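Given next are the chains, with one letter for each unit.
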Amino acid sequence: MKKILVINPGSTSTKFAVYHDEECAFEKTLRHQGEELAPYPNVAAQYEFRKTTILNALKEEGIEPKFDIVVGRGGLLHPVTSGAIEVNDEMCDDLRAAKYGEHACNLGGLIAIDIARSCGCKAIIADPVVVDELNDIARVTGFPELPKRSILHTLNQKAIARRYAKEEGKAYDKVNVVVAHLGGGISVSAHCQGRIIDTNNALAGNGPFTPERTGTLCAKELVDLCYSGKYTHDEMKKKLVGKGGLMALMGVNDARSVHEMAKNGDEKAKLVFDAMAYNVAKEIGAMAVAMNGKVDAILITGGIAYNEYFVNFIREMVQFIAPVKAYPGEDELGALASNGFRVLNGEPCQQYSK
């Protein structure tokens, strides 16, 4: 039996679990109140605090911190290919410096390698958000300085696509599926024969608008607003990611709350909620085109996939393309553990280099 520790840091929580082979033996989510994180000037500064809370929780549960592999949620790095990547000093330097962007997931690799070194095992990350398998044609934009970037919910998207393929008795690299991950950010991607050949940039707010991101906007009007003098650079960034989408339109970033407003007769809430689903459906159509319409299934996942109304709205619009299957929620801890288990059973790791 192999003992695997998986770590998934979020902006206000730290999720972690211990797996025995691919069976979860212990799982915990630590919630961090604002005052707990307030003393830290940036994400990297939270590293020691987050690591200590994990080790203390394991100790309270009577779990000795001795593992065969430690798997962290992948952070913002330069583009990489899908799969497991061994954490090394070069990766840690980029994560600490937030060289490619700052996000709580950057802590995954940093905490993983420290715990792994203490017990003499390997640390990896797996399917980070910066996995890039795009076709070259998908990268080209009309603005040479700003080619399309691949930033999406790779970990959960790949796990759901593999799950669907297994249910169908096929290999992941033998199916064509569109996967829509619906959460605080929304990513919609074309999985073609085992590669994500096209996607929207979920982190930057490109594509459908989301509970807190604006989605694609008219570029000229956005530039005019940026130079209007009404907002600072930081204020504009927050309006695009964090204070956009449902937050800007309805004052909340919880899709469930907006749906409740709609059910209680709020016509604006219904229009906004329907519009978010409408935009997701249009993006699904675009990803079907990226695969020449040869789509085996459309897979809807993430937290908002629990909302049957939202899923059915999308289904009505896109079921002419392919059957729609919903996989509500996400099992990122399980997906991380599966990657660790495959490495322990001989699957090679990528080596990260600057």
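Report follows, based on the coordinates. (Residues numbered from 1 in each chain as written. Predicted model: local features only at pLDDT ≥ 70, side-chain atom pairs only at ≥ 80, totals over all residues. Heavy atoms only, no water.)

What to know about the overall build of the protein chain
Note the following rule: Helix and strand definitions follow DSSP, with helices as H or I runs of at least four residues and strands as E runs of at least two, each counted in order from the N terminus. Taken over C-alpha atoms, the radius of gyration is set against a globule rule of 2.2 Å times the number of residues to the power 0.38. For this analysis, residues touch if any pair of their heavy atoms sits within 4.5 Å. All accessible areas in this document rest on Shrake-Rupley with a 1.4 Å probe, and a residue is counted as covered only by the protein chains that are shown. Neither His nor the chain termini are counted; the positive set is Lys and Arg, and the negative set is Asp and Glu. Each charge is placed at NZ for Lys, CZ for Arg, CG for Asp and CD for Glu.
Helix and strand counts for the protein chain come out as 13 helices and twelve strands. Computed over C-alpha atoms, the radius of gyration of the protein chain comes to 20 Å, within 12% of the 20 Å expected from 2.2 N^0.38 for 354 residues, which places it in the range of a compact globule. Viewed in the frame of its principal axes, the protein chain has a C-alpha envelope of about 55 × 50 × 45 Å. Considering only intrachain contacts with a sequence separation of at least 6, the fraction spanning at least 24 residues in the protein chain is 68%. Total accessible area on the protein chain is roughly 16700 Å²; 51% of this is exposed by carbon and sulfur atoms. Charge centroids of the protein chain, computed over 41 positive and 45 negative side chains, lie 1 Å from each other.

Some details on the state of the cysteines
As used in these notes, a disulfide is a covalent bond between sulfur atoms, one from each of two cysteines. Rule in force here: Two cysteine sulfur atoms form a disulfide, by the criterion used here, when they sit within 2.5 Å. Relative accessibility under 20% of the residue-type maximum defines a buried residue, over 50% an exposed one, and the middle range a partly exposed one, all with a 1.4 Å probe and only protein chains included.
As enumerated under the stated definition, the model contains zero disulfides in all. This cysteine, Cys121, is not joined by any disulfide, and Cys119 carries the nearest cysteine sulfur, 3.7 Å off. On the accessibility criterion, Cys121 (18% relative accessible area) is buried.

Some thoughts on the sheet that holds strand β7 (residues 176-182)
For the record, the criterion: Paired strands, in this sense, are two strands between which DSSP finds at least two bridges. For helices, the fitted line uses only the C-alpha atoms of the stretch in contact; every axis is such a line through C-alpha atoms, and the angle between N-to-C directions lies from 0 to 180 degrees.
In spatial order, the strands read β9-β8-β7-β10-β11; together these five strands make up an open sheet with mixed pairing. Here the strands that pair on one side only, and so sit at the sheet edges, are β9 (195-199) and β11 (324-328). Across this sheet, the average inter-strand angle for adjacent strands is 25°, counted without regard to direction. Examined bridge by bridge, strand β8 (residues 186-192) and β9 share four bridges and lie antiparallel to one another. Each residue of the ladder has a partner; that of Ser189, found in β9, is Thr199. This element, helix α6 (residues 154-167), spans β7, β8, β9, β10 (297-302) and β11 of the sheet and lies at about 135° to β10. With respect to the sheet, helix α11 (residues 267-290) is in contact with β7, β8, β9 and β10, its orientation differing from that of β8 by roughly 20°.

So, the sheet that holds strand β1 (residues 3-9)
The strand order across the open sheet formed by seven strands is β3-β2-β1-β4-β6-β5-β12, and the pairing between neighbours is mixed. Sheet topology places β3 (23-31) and β12 (350-351) at the edges, where each strand pairs with a single neighbour. Most of the contacts of helix α2 (residues 47-60) go to strand β2 (residues 13-20), to which it runs at about 45°, and overall it touches β1, β2 and β3.

Quick look at the packing of helix α10 (residues 255-263) against α11
In a pair of packed helices, the angle between the axes and the distance between the axes together describe the arrangement. What counts here: Oblique is the label for any angle not under 35 degrees, not over 145, and not in the 65 to 115 range, which are roughly parallel, roughly antiparallel and roughly perpendicular in turn. Definitions for this section: a left-handed crossing has its near helix turned counterclockwise from the far helix by less than a right angle. A right-handed crossing has that turn clockwise. For this classification, Asp, Glu, Lys and Arg are treated as charged, while Ala, Val, Leu, Ile, Met, Phe, Trp, Tyr, Cys and Pro are nonpolar and the rest, including Gly, are polar.
One can describe the packing of α10 onto α11 by two numbers: an axis separation of 8 Å at closest approach and a directional angle of 130°. Relative to α11, α10 is oriented oblique. Seen from above, α10 lies across α11 with left-handed handedness. Each of Ala255, Val258, His259, Met261 and Ala262 in α10 lies in contact with α11, whose residues at this interface are Ala269, Lys270, Phe273 and Met276. When grouped by side-chain class, the residues that make up the contact of α10 with α11 number seven nonpolar, one polar and one charged.

Digging into the nonpolar core
The test is simple: Remark: nonpolar core denotes a set of buried residues (Ala, Val, Leu, Ile, Met, Phe, Trp, Tyr, Cys) joined through side-chain atoms within 4.5 Å.
Core analysis: the largest hydrophobic core is formed by 37 residues, its most contacted members being Leu5, Ile7, Phe16, Leu58, Phe67, Val70 and Met91. Considering each element in turn, this core owes the most residues, eight residues, to helix α4 (residues 106-119). Among all residues touching Phe16, those that are not within four sequence positions of it are Leu5, Val6, Ile7, Phe26, Glu27, Lys28, Leu30, Ile54, Ala57, Leu58 and Leu333. Residues Val188, Val258, Val280 and Val318 belong to the second largest nonpolar core, which totals 36 residues.

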